[in-house]
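# Notes for the structure review
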Amino acid sequence: GQDEDDPDDVYDAFAAMSEADKATFLKDTKVVASALRKIRTISFKIINSTTILLPRWRTLVAEYKLPNKVLPRDVSTRWNSTYDMLAAALKYKRVIREMTGEDAL
């Protein structure tokens, strides 16, 4: 019946917002969206730069006595991958700051 959970019946809160509410929402979440973009980019570049960035990452991780891991990738088909990526970015914040020269988090 209609009361049963339907995985295809998704409510899109953003689509239901007024144009003014959408603009406010986008403005209010701009900093978060920017941080996510930067962390996704850093994660991708480290993993795919096996000759420059990855060795530097591993050196800094060892210097800070952190577990020898790379940042997990944010994968759209894994519901918790954004959380995993952000949790790792916070754990490795000092390494990220040293590699980027900025406060990306």
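The rules behind each value
Residues numbered from 1 in each chain as written. Predicted model: local features only at pLDDT ≥ 70, side-chain atom pairs only at ≥ 80, totals over all residues. Heavy atoms only, no water. Buried < 20%, exposed > 50% of the residue type's maximum accessible area, 1.4 Å probe, protein only. Helix = DSSP H or I, 4+ residues; strand = E, 2+ residues; numbered from the N terminus. Arc of directions from axis to C-beta. Contact = heavy atoms within 4.5 Å. Patch = residues over 30% accessible without salt bridge, like charges linked within 9 Å, V, L, I, M, F, W, Y side chains within 5 Å. Areas by Shrake-Rupley, 256 points an atom, 1.4 Å probe, with all protein chains shown as cover. Salt bridge = Lys/Arg side-chain N within 4 Å of Asp/Glu carboxyl O.

Residues of helix H5 (residues 81-91) that are buried include every one of Ser81, Met85, Ala88 and Ala89, and no others. An end-on view of H5 places all buried positions within 105 degrees of arc, on one side of the element. What points out from H5, more than 90 degrees from its buried face, is the exposed set Tyr83 and Leu90. If you follow the buried residues of H5, they end up packed against helix H3 (30-48) and helix H6 (93-100).

Turning our eyes to something else, we now look at a nonpolar patch on the surface. Where nonpolar side chains cluster on the molecular surface, the patch consists of Phe14, Phe25 and Leu26 and spans about 270 Å² of accessible area. In this structure, phenylalanine 25 sits in helix H2 (residues 19-28).

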